[in-house]
Amino acid sequence: MPYYTPIKGIPDLITQKRIVSKLLELRKKISAEVPARTAKETLLLATWNIREFGDNRSQESLYYMAEIIEAFDLVAIQEVLSNLKGLQNLISLLGKNWDYIVTDATDGSAGGGERMAFLYDTNKVSFRNIAGEIVLPDNIKLDGDLQFARTPFVAAFQAGWFKFSLCTVHIFYGEDSPTSAGMKRRVNEIDTIAKWFQKKAKNENASYILLGDFNIIDPTHITMKALEQNKFYIPDQLKTKPTDLGQTKYYDQIAFKIKEDEDMLIFDRVNGKAGSFSFQDVVYKKDEMAIYRDKFEEKNTIGKTEAAINTYYLSKWRTFQMSDHILLWVELHIDFSNEYLNKIEKGE
């Protein structure tokens, strides 16, 4: 469980009471919406774009982030900045059984100096000592002899019976116009990374999962088609889950190319559990600007109307405390002991 002890030492009792109250609310919401973690039967996998995550979150926010992440076993995070202090503080709140793998910072203006990371509970998940960033060979580079704006990051893990490789992405955004050069590059990046791993999964007879911020507009958009046309499966339960705070965009996705036996299904396509987690229903809510107003820089309040200050709180301040994306998750089955023994019993 998250490391709560320092909360008792918060000198401002109003802040202390608020944090405790919000953590209890988060725990209630998590319990109602997310399956409980198990010792060995299931893996709760998640992805979360945490906006420009560096040493820029309050301790209060880190408690809320830790509470959410601790509800899962393995979480891919995008937009980690060069300064890793925030990530390291988050890990310390999660506890000694949590570890992380992180890339170096991406060079170039399009990459924004971002890192990508995997956070995982070592009691459930083991790192299989294989990791790397995807550099395209000359024969399949993007248009204009380009590499990805933010290099996709892949790492191999095992949880229970399930051996798999995760690739986390943060696809180029550009513009939303369907005829723009930015949209063309966005679709090209999605198509290229999906093709790349479709081929690897086939050649290696291995399981790959793509997850992260694909900057997909909606389930019918060309950005989604670029992913699905390469035979990656996205649960229907996720296709209906917007992941921006305004609940209108489907930027983040989890897509599967999995090797599995028909009697040992990692994910039940009919009854499988998957979803999103809207933290803004509990923390930094729309009507809570007044609570945090004294923490805003003067340049964002002096001479501003109340409406402008509230817009700043909603679209800027709270998104840099938590994020402008919400977390997306899926539950996978990873224990097939009974199925395997049954096969032996049948002589298969």
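Everything that follows concerns the structure shown earlier in this document.
Let us look at the structure shown here. Please read these numbers as outputs of a predicted model, since none were measured by experiment.

Quick notes on the rules
Residues numbered from 1 in each chain as written. Predicted model: local features only at pLDDT ≥ 70, side-chain atom pairs only at ≥ 80, totals over all residues. Heavy atoms only, no water. Helix = DSSP H or I, 4+ residues; strand = E, 2+ residues; numbered from the N terminus. Rg over C-alpha atoms; globule rule 2.2 N^0.38 Å. Buried < 20%, exposed > 50% of the residue type's maximum accessible area, 1.4 Å probe, protein only. Contact = heavy atoms within 4.5 Å. Areas by Shrake-Rupley, 256 points an atom, 1.4 Å probe, with all protein chains shown as cover. Lys, Arg positive; Asp, Glu negative; His and termini not counted. Charge placed at Lys NZ, Arg CZ, Asp CG, Glu CD. Arc of directions from axis to C-beta. Pairing = 2+ DSSP bridges. Phe/Tyr/Trp six-rings, centres within 6.5 Å; stacked < 30°, edge-to-face > 60°. Lys NZ or Arg CZ within 6 Å of the ring centre and 35° of its normal. 1 Å grid on protein atoms, 1.4 Å probe; cavity = no way out; pocket = protein on both sides within 12 Å on 5 of 7 lines; lining within 4 Å. Points joined across faces, edges and corners; volume = space filled by probe spheres on them. Nonpolar A, V, L, I, M, F, W, Y, C, P; charged D, E, K, R; others polar.

This next bit is on the overall build of the chain. Helix and strand counts for the chain come out as nine helices and eleven strands. Taken over C-alpha atoms, the radius of gyration comes to 21 Å for the chain, in line with the 20 Å a tight globule of 348 residues would show. Each principal axis of the C-alpha distribution contributes one length, and for the chain these read about 70 × 50 × 35 Å. By the burial criterion, 53% of the 348 residues in the chain qualify as buried. For the chain, restricting intrachain contacts to residue pairs at least 6 apart in sequence, the fraction spanning at least 24 positions comes to 75%. Accessible area of the chain: about 16200 Å², with a carbon and sulfur share of 50%. Here the chain holds 45 positive side-chain charges and 49 negative ones, and the gap between their average locations is 1 Å.

In this section: the environment of Phe336. In this structure, Phe336 sits in the loop between strand S11 (327–333) and helix H9 (337–345). On the basis of relative accessibility, which here comes to 6%, the residue Phe336 falls in the buried class. As for Phe336 and Arg128, which are separated by 208 residues in sequence, their C-alpha atoms are 20 Å apart. Excluding residues that lie within four positions of it along the chain, Phe336 makes contacts with Trp161, Met264, Leu265 and Ile266.

A separate point is helix H3 (residues 85–94). Turning to H3, its buried residues number three or more, namely Gly86, Leu87, Leu90, Ile91, Leu93 and Leu94. All buried residues of H3 project into a common sector of 160° when viewed along the axis, lining one side. Packed against the buried residues of H3 are strand S1 (42–53), helix H2 (59–69), strand S2 (74–80), strand S3 (98–102) and strand S4 (115–121). Gly95 sits one or two positions beyond H3 and adopts a positive phi of about 115°.

Attention now moves to the pairing of S11. Look at any regular strand and the pattern is simple: side chains alternate between the two faces of the sheet. Most of S11 is tucked away: six of the seven residues are buried. Pairing geometry for S1 and S11, over six bridges, is antiparallel. From the neighbouring strand, Ala46 faces S11, where its bridge partner is Trp329. Across four bridges, strand S10 (residues 274–277) lies against S11 in antiparallel orientation. Bridging across to S11, Gly275 finds its partner in Trp329.

A few words now on the packing of aromatic side chains. Within this structure, the stated rule accounts for 21 aromatic pairs. With centroids separated by 6.1 Å and ring planes inclined at 45°, the aromatic side chains of Trp48 and Phe279 adopt a geometry described as tilted. Taken together, the residues Trp48 in strand S1 and Phe279 in the loop between S10 and helix H7 (289–292) connect sequence positions 231 residues apart. Comparing Trp48 with Phe279 shows no difference in burial state: the two are buried. Residues Tyr292 and Trp317 carry aromatic rings whose centres are separated by 5.2 Å and whose planes lie at 35° to one another, so their mutual orientation is tilted. Of this pair, Tyr292 sits in helix H7 while Trp317 sits in helix H8 (residues 306–321), placing them 25 residues apart in sequence. With respect to class, Tyr292 is no different from Trp317; both count as buried. Three or more aromatic residues link up through ring pairs in this structure, and these residues are Tyr64, Tyr284, Tyr292, Phe296, Tyr312, Tyr313 and Trp317. Stacked on the ring of Phe277, the Lys or Arg Lys29 has its end atom at 5.4 Å from the ring centre.

Turning our eyes to something else, we now look at empty space enclosed by the protein. Summary: where empty space remains is shown by rolling a probe the size of a single water molecule over the atoms. Per the stated rule, a full pass over the model turns up one cavity of 30 Å³ or more. Every residue along the wall of the largest cavity is listed here: Thr103, Asp104, Thr106, Glu114, Arg115, Met116, Glu133, Arg150 and Thr151. The class makeup of the residues in the lining of the largest cavity is one nonpolar, three polar and five charged.

This part is about the side chain of Arg18. If you trace the backbone, Arg18 turns up in helix H1 (residues 13–33). The exposure class assigned to Arg18 is buried, which follows from its relative accessible area of 13%. Residue contacts for Arg18: discarding those within four places in its chain leaves Glu60, Tyr64, Ile291, Tyr292 and Lys295.

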